[in-house]
Amino acid sequence: MPAEDFLRVTADIAQVYTPGDITVVLTGGEPLMRKDLEMIGLKLRQQGFRWGLVTNGFSLTKERLNQLLNAGLGAITISLDGLEAEHNWLRGHPDSHRRALEAIRMASAEKRLNSDVVTCVNQRNLHLLKDIEDELAGAGLQNWRLFTISPIGRAAGEPDLQISHDQFIHLLDFIADNRKRHALPRASFSCESYIGSYEGVARDGFFFCRAGIHIASVFFDGGISACPNIDRTLVQGNIYQDDFNTIWAEKFEPFRNRSWTRTGPCESCKSYRYCEGSSLHEWDFQHQQLRRCLLTGYYSAETNGSSFSETLLKK
């Protein structure tokens, strides 16, 4: 997308809302591929927004980081998905781990920057969580978020990317132990899914899917929706035909009234009042069908993931 098209949208937002209350996150794909990233960031700051980016760190150099900081970069999230072999397997490049770790060291040492790392937990790195913690601690990292990989797109047909229900509980226990030890980096489970008795233990606060309520996205093709990994049938408009502020104010009904999620396994679930159908990226909206539920271990028949048990998470 041409930068001026996106910056026109943010300029319109700044006319209606207080930009200082809003953070713009540039993600991808890989945002560091853009040669105009610094210009975009500087324009966002001039409009009054805070901004950050999510990156694989592959192309981050000290010089580029300084340029981004001078353009007002305030936060950076870097992906690290295992030790060298596991990360490079997932990323498909033999130098990916080394470059990501160098980026983490640079970002962690920069006092002007809020930085964290996200790790997508899968069959190949689950048993290495403590080793990954040690590696990140050695890089000076303070904050670490752990995710699972949803069975969306190609990930639905890759068994190595999915973990079983028992393995998911192991992940939550690891995070709880990290926090009990007051270890650095401080681990937390991601924003996905209500996790029962692990709420407040494996994450700060209580589960709430903010998609379409506090979060909107502009996609590369101009689509207006919430989080980028949510079903594309939930796109609410397009900046090339619609006014963003009007779409935000008058549409987004599927995000703000989630009664449509009370179907299938959610229909009789006693925990529905706490999660209202879980994270919306777990839903196939077109077919009104839940793909999976981390709380219960449910997987839809169409999902080629692991076979989960039907036991609610209990400590």
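Residues numbered from 1 in each chain as written. Predicted model: local features only at pLDDT ≥ 70, side-chain atom pairs only at ≥ 80, totals over all residues. Heavy atoms only, no water.

Draft legend 1. Spatial organisation of the sheet that holds strand β1 (residues 23-26). If you walk across this open sheet you meet the 6 strands as β1-β2-β3-β4-β5-β6, and the pairing is parallel. Unpaired on one side and paired on the other, β1 and β6 (186-189) mark the two borders of the sheet. Strand-to-strand twist in this sheet, taken as the mean axis angle between neighbours without regard to direction, amounts to 25 degrees. Relative to strand β3 (residues 73-79), strand β2 (residues 50-55) is paired through 5 bridges, and the arrangement is parallel. Residue pairing across strands places Gly 52 opposite Ala 75, the latter belonging to β3. (Pairing = 2+ DSSP bridges. Helix = DSSP H or I, 4+ residues; strand = E, 2+ residues; numbered from the N terminus. Axes fitted to C-alpha atoms, helices over the stretch in contact; angles between N-to-C directions.)

Draft legend 2. Structural context of the sheet that holds strand β9 (residues 237-238). What the 3 strands build is an open sheet, ordered β7-β8-β9; its pairing is antiparallel. Edge positions in the open sheet fall to β7 (217-218) and β9, since each of these has one partner strand only.

Draft legend 3. Highlighting helix α3 (residues 62-70). Within α3, burial applies to Arg 64, Leu 65, Leu 68 and Leu 69. Each buried residue of α3 lies within a common arc of 140 degrees when the element is viewed along its axis, so the set occupies one face. Residues of α3 that are exposed and angled more than 90 degrees away from the buried face: Glu 63 and Asn 70. Where α3 is buried, its residues touch α2 (37-47), β2, β3 and α5 (96-109). Positive phi shows up at Gly 72, right after α3, with a value of about 100 degrees. (Buried < 20%, exposed > 50% of the residue type's maximum accessible area, 1.4 Å probe, protein only. Arc of directions from axis to C-beta. Contact = heavy atoms within 4.5 Å.)

Draft legend 4. A look at the side chain of Asn 122. On the secondary structure map, Asn 122 appears in the loop between β4 (114-120) and α6 (129-138). When its relative accessible area of 1% is taken as the criterion, Asn 122 is described as buried. Separated by 3.1 Å, the side chain of Asn 122 and the backbone oxygen of Cys 120 make a polar contact. Setting aside residues no more than four positions away along its own chain, Asn 122 makes contact with Trp 89, Leu 90, Ile 149, Asp 160, Leu 161 and Ile 163. (Polar contact = N/O pair within 3.5 Å; in protein donor to acceptor, adjacent residues only side chain to side chain.)

Draft legend 5. Up close: the pairing of β2. With 4 bridges connecting them, β1 and β2 associate as parallel partners. Its bridge partner lying in β2, Val 25 is registered against Gly 52. Each parallel crossover has a hand, and for β1 linked through α2 to β2 it is right-handed. Chirality of the crossover, the property in question, places the unit of β2, α3 and β3 among those that are right-handed. (Right-handed = clockwise from strand over helix to strand, strands pointing away.)

Draft legend 6. View of the packing of aromatic side chains. What the rule picks out here adds up to 9 aromatic pairs. Centre to centre, the rings of Tyr 194 and Phe 206 are 5.6 Å apart; their planes meet at 45 degrees, and the pair counts as tilted. Highlighted residues: Tyr 194 in the loop between β6 and β7 and Phe 206 in the loop between β6 and β7, separated in sequence by 12 residues. Measuring from ring centre to ring centre gives 5.5 Å for Tyr 194 and Tyr 274, while their planes differ by 25 degrees; the resulting arrangement is stacked. Linking Tyr 194 in the loop between β6 and β7 with Tyr 274 in helix α10 (residues 272-275), this pair joins segments that are 80 residues apart in sequence. (Phe/Tyr/Trp six-rings, centres within 6.5 Å; stacked < 30°, edge-to-face > 60°.)

Draft legend 7. A look at the pairing of β6. The pairing of strand β5 (residues 143-147) with β6 spans 4 bridges and is classified as parallel. Note on β6: the bridge partner recorded for Asn 143 is Arg 186. In this view, the connection linking β5 to its parallel neighbour β6 by way of helix α7 (residues 165-180) has right-handed handedness.

Draft legend 8. Molecular detail of the pattern of salt bridges. Tallied over the entire structure, the rule returns 19 salt bridges. One salt bridge connects Asp 95 with Arg 99, and the closest N-O pair in it is separated by 3.2 Å. For Arg 99, a relative accessible area of 28% translates into the label partly exposed. Where Glu 199 meets Arg 203, a salt bridge forms, and the shortest distance between an N and an O atom there is 2.7 Å. Exposure remark for Arg 203: the relative accessible area of 5% places this residue in the buried category. (Salt bridge = Lys/Arg side-chain N within 4 Å of Asp/Glu carboxyl O.)

Draft legend 9. Focus on α7. For α7, built from 16 residues, the straight-helix expectation of 22 Å at 1.5 Å per residue is met to within 8% by its first-to-last C-alpha distance of 23 Å. Residues His 165, Phe 168, Leu 171, Leu 172, Phe 174, Ile 175, Ala 176, Asn 178 and Arg 179 constitute the buried set of α7. Summarising the contacts, the buried residues of α7 are in contact with α6, β5 and β6. Backbone geometry just downstream of α7 places His 182 in the positive-phi region, at approximately 55 degrees. (Expected span 1.5 Å × (residues − 1).)

Note that every value here comes from positions in space, so none of it alone points to a role or purpose.
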